[in-house]
Amino acid sequence: MTMKKTIILIITCVCVAASANAQQGSGRLSLGTGLLYKNGMDITLAYEHEMNYRHAWEFFVNGYLQWAECGSCGHICPESFWRNYRSYGFGVAYKPCMTRGRNHYGSLRIGASAGSDTNKFLGGLHLGYEHNYVLRAGWTLYWQVKSDVMIKGADVLRAGVVLGVKLPMK
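Within any chain, residue numbers begin from 1 and follow the written order of that chain's sequence. Confidence filtering applies because this is a predicted model: local features only for residues at pLDDT of at least 70, side-chain atom pairs given and counted only at 80 or more, and all residues used for totals across whole chains, interfaces and linings. Hydrogens are left out, water is left out, and the side-chain values use all remaining heavy atoms of the structure.

With an unreviewed UniProt entry as reference, the protein chain is termed Conjugal transfer protein TraO, source organism Bacteroides stercoris.

Here you go:
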C-alpha cells in the first residue's frame, strides 16, 4: 500500500470515528403535547442531555389542564375548558435506551416532579415509554406513552399519549 493510500485511509477512519460519537453528550430542547385520561391535556418543555448509548437525563417543566362540561349549558365551553383544573410541575427523568435501530430508538422514562395545582403542593411519579425518530440535522420526532401518579392531586392517575419534536442544541 502506498503512503498516499495509507494517509487517506487514516483520515477516513478518524472522520468515521469522530462522527460516530457526535451525539454523545449532546443536548436537545423538546416540546411535546398530548391527551391524557380523563379529559386531560398535557404540554411539556424539556432539556434532554444524552449520555453513552442513547441513555439520557431529562429536565422538564410540565403544564396540565383538565376540562369538564359546563354546569349551565351542558357542553364544554371556554370557561369550563380553561378554568376547571390546572397544575404545573418541574421535574427530572432518567431515560435508559431499551431499543435501537438505524434512525430510531426507544427509551423507558422514569422520573419525579414537584409543583402545584394553584392551591396546594403537588408531587408526581412518572413512568412511560418514548420512541424517537431521528431526522436530518438532528431534529427528532417522538411519541410517548406516559402514566403519571400525582400525589395530592385531584386526579391521582394520568395516562395518555404525547407527540412532540426535539431540536438539537450545539
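We are not done yet, so read on.
J.: I tried to follow the environment of Ala46 on my own but got confused; where do I start?
T.: Secondary structure elements follow DSSP: runs of H or I of four or more residues count as helices, runs of E of two or more count as strands, with numbering from the N terminus. Take Ala46: it is sitting in strand E2 (residues 40–50). The buried category is assigned to Ala46, whose relative accessible area is 2%. Separated by 18 residues in sequence, Ala46 and Arg28 have C-alpha atoms that sit 8.2 Å apart. The contacts of Ala46, once residues within four sequence positions are left out, are Arg28, Leu29, Ser30, Glu58, Phe59 and Phe60. Three exposure classes are used, based on accessible area relative to the maximum for each residue type with a 1.4 Å probe and protein chains only: buried under 20%, partly exposed in between, and exposed over 50%. By definition, residues are in contact when any of their heavy atoms lie within 4.5 Å.

J.: Where do I start with the pattern of salt bridges in this structure?
T.: If the charged atoms of two oppositely charged side chains come close together, the side chains can form a pair. Salt bridge criterion: a side-chain nitrogen from Lys or Arg within 4 Å of a carboxyl oxygen from Asp or Glu. Under the definition given, this model contains 12 salt bridges. Residue Arg158 pairs with Asp155 through a salt bridge whose shortest N-O separation is 3.3 Å. Arg158 gets classed as buried once you look at its relative accessible area, which sits at 2%. One salt-bridge network, in which partners are shared between bridges, spans Arg28, Glu48, Glu50, Glu58, Lys95, Arg109, Glu130 and Lys166.

J.: Just to check I follow, could you spell out the packing of aromatic side chains for this structure?
T.: In this description, a pair of aromatic rings is defined by centroid distance and the angle of the planes. Two aromatic rings from Phe, Tyr or Trp, using only the six-membered ring of Trp, form a pair when their centres are within 6.5 Å; if the ring planes differ by under 30 degrees the pair is stacked, by over 60 it is edge-to-face, and anything between is tilted. This structure, assessed with the given rule, holds three aromatic pairs. Plain terms: the ring middles of Trp57 and Tyr94 are 4.9 Å apart, the flat faces sit at 50° to each other, and that makes the pair tilted. A residue pair is termed long-range when its members are at least 10 positions apart, and Trp57 in strand E3 (residues 56–66) and Tyr94 in strand E4 (residues 85–95) qualify at 37 residues. The exposure class of Trp57 is partly exposed, given its relative accessible area of 35%.

J.: Explain the environment of Met51 here, please?
T.: Considering the arrangement of structural elements, one finds Met51 in the loop between E2 and E3. Accessibility expressed as a relative area gives 27% for Met51, which makes it partly exposed. For Met51 and Lys95, which are 44 residues apart along the polypeptide, the C-alpha to C-alpha distance reads 10.0 Å.

J.: What's the story with the nonpolar core in this structure? I'm lost.
T.: When a protein is soluble and globular, its nonpolar side chains tend to lie buried together. Of all hydrophobic cores here, the largest spans five residues; its members are Leu36, Tyr64, Tyr85, Leu122 and Met150. With residues up to four places along the chain from it excluded, the contact list for Met150 reads Leu122, Gly123, Gly124, His126, Asp155, Val156 and Arg158. Only buried residues count toward a nonpolar core. Its members are Ala, Val, Leu, Ile, Met, Phe, Trp, Tyr and Cys residues joined through side-chain atoms within 4.5 Å.

J.: What am I meant to see in the pairing of E3 here?
T.: Looking down a regular strand, the side chains alternate between one sheet face and the other. Pairing between E2 and E3: 11 bridges, direction antiparallel. When the bridges of E3 are listed, Glu50 appears paired with Ala56. Each pair of strands is called paired provided DSSP finds at least two bridges between the two strands. In this structure, the hairpin formed by E2 and E3 is closed by a connection of five residues, where Tyr53 is found at a positive phi of approximately 55°. Summarising the sheet, E3 and E4 pair through 11 bridges and their orientation is antiparallel. Bridged to Gln66 within E4 is Tyr85.

J.: Before we go on, may I ask you to explain unusual backbone geometry in this structure?
T.: Leave glycine aside and you will find that most residues have negative phi; peptide bonds, for their part, are mostly trans. Across the junction of Tyr37 and Lys38, the peptide omega takes the value 0°, indicating a cis bond. With respect to the helices and strands, the residue Lys38 is situated in the loop between strand E1 (27–37) and E2. You will see that Asn39, though not glycine, has its phi angle at about 55°, which is positive. The topology assignment puts Asn39 in the loop between E1 and E2. Since its relative accessible area comes to 34%, Asn39 is described here as partly exposed. Here the phi dihedral of Ala137 falls at roughly 60°; this positive angle occurs in a residue that is not glycine. Relative to the helices and strands, Ala137 is located in the loop between strand E7 (121–134) and strand E8 (140–151). Accessibility expressed as a relative area gives 64% for Ala137, which makes it exposed.

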